[in-house]
Amino acid sequence: MSELIFLGTGTSDGVPTIGCNCETCRSKDPKDKRLRSSVFYSSDNAKILIDISPDFRQQALRHNIRWIDAILLTHSHYDHIGGLDEIRSINFIMKKSMPVYGNEEALNELRERYSYIFKRTQEGGGKPQVSLHYINEKSFEINNVIIKPIKIMHGEIPILGYRIEDFAYITDASYIPENSLFELMGLNVLVINALRFEKHPTHFNLEEALKIIQILNPKKAYLTHLTHRFLYKRDKKILPKNVEFAYDGLKIKV
Ligand SMILES: [Zn+2]
Ligand SMILES: [Zn+2]
Ligand SMILES: [Zn+2]
């Protein structure tokens, strides 16, 4: 059995949202506090971080993360890669560079945004050590754990979801191609993004996420990448029986 920790379950601006005074942003319920989305998968063989959010430092401290065998990127928007510089601490512990996996779009953009990492500069500058691994939809292995990348559309950008055995993590999807739906059949646990109630051009809203869950019919589904439009206690009641809102710190078996 492997464990999954939700390090963050918030949308790009996090919850509470700066300057907002809504019921969720004022809520005292810890389940309404959402750092930017990321999950940490750990089995006996491998510890895998999916996306490295701008809140990674806090997330790693909160869960005492000190070893990561690889980082899988869904895409290169800031809320999914903004913590990359913090990987220095893990480099220091592990004494090696961090393998980062992503598709061409994601890694090319990562190179631009973090150009200082890839430029030759003076020694001892305290730069993160990362090695980039370009992947497509072909399966690959990390310490004997088989990872199946799944092609997803985020508006017009092709991004990746990941399936590991009977668990899959999908965030920032607005459309899932038919082939990919086929590859997501028979899941025990599906994590999928649901932004808010209203429609959005580049993210599933709640209704669209529930429709995908209905098609794929996993044993259990968790919603993530949530805005402040969801108040945990009030809105969990409207979800179908096999669906829950994920929340920061939630640990599940996968
Ligand atoms: Zn995002
Ligand atoms: Zn708010
Ligand atoms: Zn995005």
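Scroll up to find the structure this text is about.
Predicted model, so just to flag it, every value in this text is computed and none were measured. Each chain carries its own residue numbering, running from 1 in the direction its sequence is written. Each chain takes a letter, starting from A, and each ligand takes a number, starting from 1, following the order in which they are written. Local features in this predicted model are restricted to residues whose pLDDT is 70 or higher, and side-chain atom pairs enter the listing and the counts only when it is 80 or higher, whereas totals over whole chains, interfaces and linings include all residues. The side-chain figures draw on all heavy atoms in the structure; neither hydrogens nor water molecules are used.

Visitor: Lay out the coordination of the zinc ion (ligand 3) in plain terms, naming residues and giving numbers.
Guide: For Na, K and Ca the donor cutoff is 3.2 Å, while for all other metals N, O and S atoms count as donors only within 2.8 Å; water does not appear among the atoms, so some sites may look incomplete. Those donors, His75 (NE2), His77 (ND1), His154 (NE2) and Asp172 (OD), are the protein atoms that reach the zinc ion (ligand 3), and they lie 2.2 to 2.4 Å from it. Its four donor atoms give the zinc ion (ligand 3) angles of 91 to 172° at the centre, a pattern that matches the irregular case. For the zinc ion (ligand 3), the single-chain donor residues occur in sequence as H-x1-H-x76-H-x17-D. Separating the zinc ion (ligand 3) from the zinc ion (ligand 1) is a distance of 3.5 Å, and Asp172 supplies a donor atom to each of them. Here the residue His75 occupies a position in the loop between β4 (70-72) and α3 (78-81), and His154 occupies one in strand β8 (residues 145-154), the gap between them amounting to 79 residues. In short, tetrahedral needs four donors with all angles between 85 and 135 degrees, square planar needs four and octahedral six donors with opposite donors over 155 degrees apart and all other angles between 65 and 115, and whatever is left is irregular. Comment: elements are numbered from the N terminus, with helices defined as DSSP H or I runs of at least four residues and strands as E runs of at least two.

Visitor: Tell me about the pairing of strand β3 (residues 47-50), and please be specific about residues and values.
Guide: Any two strands with at least two DSSP-identified bridges between them are counted as paired. Of the strand pairs in this sheet, strand β2 (residues 38-42) and β3 are connected by four bridges, and their pairing is antiparallel. Looking across to β3, one finds that Tyr41 is bridged to Ile48. Hairpin geometry of β2 and β3 is characterised by an intervening segment of four residues between the two adjacent antiparallel strands. One ladder, built from three bridges, connects β3 with β4; its direction is parallel. Residue pairing in the sheet places Ile48 in a bridge with Ala70 of β4. Handedness rule for crossovers: strands pointing away from the viewer, path from the first strand over the helix to the second running clockwise, crossover right-handed. Note that the unit made of β3, helix α2 (residues 56-62) and β4 has a crossover that is right-handed.

Visitor: Give me the lowdown on the layout of surface pockets, citing residues and values where you can.
Guide: Put simply, the largest pocket is a space of about 220 Å³. Only protein atoms enter the 1 Å grid, on which a cavity is a set of points fitting a 1.4 Å probe that cannot get out and a pocket is an open set with protein on both sides within 12 Å along at least 5 of 7 lines, lining residues being those with an atom within 4 Å of a point. Looking at the largest pocket, the residues that line it are Phe56, Arg57, Ala60, Leu61, Asn64, Ile65, Arg66, Glu86, Ser89, Ile90 and Ile93. Among the secondary structure elements, those contributing two or more residues to the lining of the largest pocket are α2 and α4 (87-94). By residue number, the principal contributor to the lining of the largest pocket is α2, which donates four residues. Grid points are joined across faces, edges and corners, and a volume is the space filled by probe spheres set on the points.

Visitor: Just give me the short version of the coordination of the zinc ion (ligand 2), but keep the residues and values in it.
Guide: Protein-derived coordination of the zinc ion (ligand 2) comes from Cys20 (SG), Cys22 (SG), Cys25 (SG) and His228 (ND1), at a distance range of 2.0 to 2.3 Å. Around the zinc ion (ligand 2), the four donor atoms sit at angles spanning 103 to 116°, and that spread fits a shape best called tetrahedral. Read in sequence order, the donor residues for the zinc ion (ligand 2) give the motif C-x1-C-x2-C-x202-H. You can see Cys20 sitting in the loop between β1 (3-8) and α1 (23-26) and its partner His228 sitting in the loop between β12 (220-224) and α9 (232-235), a full 208 residues away along the chain. Only protein chains enter the accessibility calculation, which uses a 1.4 Å probe. A residue is then buried if its area is under 20% of the maximum for its type, exposed if over 50%, and partly exposed in between. Exposure remark for Cys20: the relative accessible area of 26% places this residue in the partly exposed category.

Visitor: Break down the pattern of salt bridges for me, with residues and values.
Guide: Throughout this description, the term salt bridge denotes a Lys or Arg side-chain nitrogen within 4 Å of a carboxyl oxygen of Asp or Glu. If you walk through the whole model with that rule in mind, you get twelve salt bridges. A salt bridge links Arg34 to Asp32, with the shortest nitrogen-to-oxygen separation between them at 3.3 Å. Like Asp32, Arg34 is buried. Glu109 is paired through a salt bridge with Arg113; the nearest N and O atoms lie 2.5 Å apart.

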